[in-house]
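Chain and residue survey
Listed here are the chains, written in short residue letters.
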Amino acid sequence: MTQVADKTTHLSNFTQFREVPGGSPSWLEARRKAGIDRFDFIGFPTTREEEWRHTNVAPIAKTAFKLASRDSAALASETAARFGFGNDAAVELVFVNGHYAPHLSRPAKLPRGVRAISLADALESDDAALEPHLARYADVVKNPFVALNAGFIRDGAFVHLPRGATVEKPIHLLFVSTPSREPAVAHPRVLVVAEEGAQATVVESYVGGGKGVYFTNAVTEIVAAPGARIDHCKLQQENLEAFHVATMQVQLGRDSHFVSHSASIGSRLTRNDLNVVMAGEHADATVNGLVLATGEQHIDNHTLLDHAQPNCPSHELYKHVLGAKSVGVFKGRILVRQAAQKTDSKQTSKALLLSDDATMHSMPALEIYADDVKCTHGSSLGPVDEEQVFYLRTRGVGLEAARHLMTYAFAADITRRIRVEPVRRRLEEYMAAQHGLPIDLRITDLGAHDEAVRQL
Amino acid sequence: MALLEIKNLHARVAAPGGRDILKGVNLTINAGEVHAIMGKNGSGKSTLAQVLAGREAYEVTEGEVLYKGQNLLELSAEERAREGVFLAFQYPVEIPGVSTSYFLKAAVNAVRKHRGEKELDAAAFLKLVKDKMKLLKMEPSFMNRAINEGFSGGEKKRNEIFQMAVMNPALALMDETDSGLDVDALKTVAEGAASLRRPDNAILVVTHYERLLQYIVPDVVHVMMNGRLVMNGGKDLAIKVDTQGYDWVEKEVGQLV
Ligand SMILES: Nc1ncnc2c1ncn2[C@@H]1O[C@H](COP(=O)(O)OP(=O)(O)O)[C@@H](O)[C@H]1O
Ligand SMILES: [Mg+2]
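Residues numbered from 1 in each chain as written. Chains lettered and ligands numbered in written order. Predicted model: local features only at pLDDT ≥ 70, side-chain atom pairs only at ≥ 80, totals over all residues. Heavy atoms only, no water.

1. Re the domain arrangement of chain A
Residue and element names in this part refer to chain A. Along its sequence, chain A is carved into domain 1 (8-280) and domain 2 (384-456). Computed from C-alpha atoms alone, the centre-to-centre distance between domain 1 and domain 2 is 32 Å. Here domain 1 and domain 2 share an interface that buries about 1,100 Å² over both sides, 71% of which is from carbon and sulfur atoms. For the interface between domain 1 and domain 2, the tally reads 2 salt bridges. Linking domain 1 with domain 2 are 1 residue pair in polar contact (both at pLDDT 80 or more), by the criterion used here. Elements with a minimum of two residues in the side of domain 1 that touches domain 2: helix 4 (74-83), strand 9 (199-208), strand 11 (229-237) and strand 13 (257-264). Broken down by element, the side of domain 1 that touches domain 2 gets its largest block of residues, 4 residues, from strand 11. (Domains from an automatic or database assignment. Buried area = accessible area lost by both parts, 1.4 Å probe. Salt bridge = Lys/Arg side-chain N within 4 Å of Asp/Glu carboxyl O. Polar contact = N/O pair within 3.5 Å; in protein donor to acceptor, adjacent residues only side chain to side chain. Helix = DSSP H or I, 4+ residues; strand = E, 2+ residues; numbered from the N terminus.)

Shown next, in the form of structure tokens:
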């Protein structure tokens, strides 16, 4: 790999980026500079590095990406409409190729003091809540993609929940990409700050329409003050030529709650890093993930549950459904620092292999420096259980439908926990469509069906 | 025409070097009849039931099976089910994540569709299952549970017969439905099964005990040994086997086996 040439693309993008005026408070200038310098210094990772052993980012490094520009073509609005939540969202901010698109967004009456606005707008007014938090948590030193993103911080979303505020419906951040003739890169940045006792559901959707290569390099930072509660959901459904690299860095204060559901179904290559720091006592983290991959998709989830303080429970469940020649990677690191006594952590990773050519790499990594803790982990992988399939078939359910039902049931472990209805529906519909499901086995009415039975 | 005609059926484990299990089974069952198969563990009873239900883990190497006059062996497992063959498993399978009601509705509708009948909507389906649930003394909450997940042995068996009642098969294969049931559960299950008896269908019961046969009185009792049905008789044969075991059978047919 010729590292120097790889970096040049992004370094010259940076030169061009700096010339765009506005939204550049001096404190941010310094953080951008630190980011791009760091990226320049370390460059793209190679598979010789432990953290990137199973994910080769050479196809990203070798592509000359220009900076993605605004797009007002029909594809953008169509895609936004297709993935929008409509009335199921409290507010929907739409971004096209990383740029805020006000005409596609749906503002709403949010509770007093709550802000869900574009980062560009927030920076324009140098919002006082930005400086203490923006680019303060995600690690530019270790992760070159975070460093690269930091260099290009300009747009994305800023959600600020003042003390005690509660937003009932989800806040939807919808990132739409429309490929152009030349490959382009967007570096969206999201900052969510929840003050003491605030509560909200935040959904990030990264979706792509059309054909053509592009690269989404996203970073999200979430800060939960004591007693805050954030329910987070991420849907990644980029187009099948896209690269998606994202880091989510979560900082949890005392007694705060964080629930995350991440679903990866699109892209040619995805790498998610989800790092949760339990920085206050009795913080509680649940991180679940679902990967539905097929073709030659490669989807890598690295998670870190960092127990820095005592008495924090954490739960993690990642499920992978891998078809054709797809590859799944899961590394679940659980770090229990010396101070973190009474940690209670449970991690499970499971993979369902729908083809002999699909591959799963699952790596639990427990690092425990405290002595009074409870940590368990388990991982399993295998094909669809033929005995279960046979049982269904002896009741008249066709082979394909039976296999699908088993796949659906496997994934339902995650989907049924997703409280954001439009995301759950989308995942179920995606699975049904993928398996060419006969109509009598459509699983989308499963909830309604069971509800009818319950009423009996 | 017999409902089921098995002629010289040989089957083996479908794997390289797989062992022969069925070694020439002959059996004719007419509509309206109940047949029982008894035999030691490992004699091949479950294999016969699974082969009839279409299990691909076994390979038929010789012989034929006619069901309603057509070649049963060329139908897939789901086609057999849609044609009215039902297997109540000796070891019912747990399927986490799929609710019983959803699964059963899909099953019933698969059969109806095959017969060119209108598929049932949720309300019509629930009406259908309500009576059968009463018949087998099932709790209503049962329908919302995942198939057999965390069920006790007895609950699983009851679930098999409940499904059988809902599916209303032409040929019911009951593989050791009575094993592991206490007296009350056995009575519920057996009466449920017996109530499905009609002039136009047939039941094949695999069992170790004569107890079950007091409820589902068989027309013919067969004894299986080493992959063959080696002896048959009336219901007295079941009583004799239950009290005396199989040694005498072995002596009597020893030369044949
Ligand atoms: N899939 C299989 N692979 C290997 N051996 C098998 C398999 N199925 C059955 N057998 C063997 O075949 C014999 C008959 O089994 P089975 O039909 O289950 O007997 P029964 O139901 O009469 O107890 C047993 O020895 C059993 O171990
Ligand atoms: Mg058996």
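2. Describing the sheet that holds strand 17 (residues 313-322) of chain A
Residues and elements named next belong to chain A. Taken in spatial order, the 10 strands of this open sheet run 3-2-6-9-11-13-15-17-19-21, and their pairing is mixed. Bordering the open sheet on either side are strand 3 (99-100) and strand 21 (374-382), each of which pairs with just one other strand. Across 10 bridges, the pairing between strand 17 and strand 19 (residues 344-353) is parallel. Its bridge partner being in strand 19, L322 is matched across the sheet by L353. The sheet contacts of helix 8 (residues 399-415) involve strand 13, strand 15 (284-293), strand 17 and strand 19, and relative to strand 17 the element is tilted by about 155 degrees. Together, strand 9, strand 11, strand 13 and strand 15 form the strand contacts of helix 9 (residues 421-434), whose direction differs from that of strand 11 by roughly 30 degrees. (Pairing = 2+ DSSP bridges. Contact = heavy atoms within 4.5 Å. Axes fitted to C-alpha atoms, helices over the stretch in contact; angles between N-to-C directions.)

3. As for helix 6 (residues 183-194) of chain B
Residue and element names in this part refer to chain B. Look at helix 6: 16 Å from first C-alpha to last across 12 residues, which is about the 16 Å you get at 1.5 Å a residue. What helix 6 keeps buried is the set A185, L186, T188, V189, A190, G192 and A193. Its buried side turned inward, helix 6 meets helix 4 (122-135), helix 5 (153-167), strand 9 (171-175) and strand 10 (202-206). (Expected span 1.5 Å × (residues − 1). Buried < 20%, exposed > 50% of the residue type's maximum accessible area, 1.4 Å probe, protein only.)

4. Some details on the site of ligand 1
Residue and element names in this part refer to chain B. Inspection of the region around ligand 1 gives V13, R19, I21, K40, N41, G42, S43, G44, K45, S46, T47 and Y58 as its neighbouring residues. For ligand 1, an oxygen atom lies 3.2 Å from a polar atom in the side chain of R19. When the free accessible area of ligand 1 is taken as 560 Å², the share hidden by the protein chains comes to 66%. If one sorts the elements of the shell around ligand 1 by residue count, helix 1 (residues 45-53) sits on top with 3 residues. Across the shell around ligand 1, the residue classes break down as 3 nonpolar, 6 polar and 3 charged. (Near = heavy atom within 4 Å. Areas by Shrake-Rupley, 256 points an atom, 1.4 Å probe, with all protein chains shown as cover. Nonpolar A, V, L, I, M, F, W, Y, C, P; charged D, E, K, R; others polar.)

5. Points about the pattern of salt bridges
Pairs can form between side chains of opposite charge once their charged atoms are near each other. Residue and element names in this part refer to chain A. Here the structure, examined in full by the defined rule, presents 36 salt bridges over all chains. Between R337 and D306 there is a salt bridge, with its nearest N and O atoms 2.7 Å apart. With R337 in the loop between strand 18 (327-336) and strand 19 and D306 in strand 16 (residues 298-307), this pair connects stretches of sequence that are 31 residues apart. For R337, a relative accessible area of 37% corresponds to the partly exposed category.

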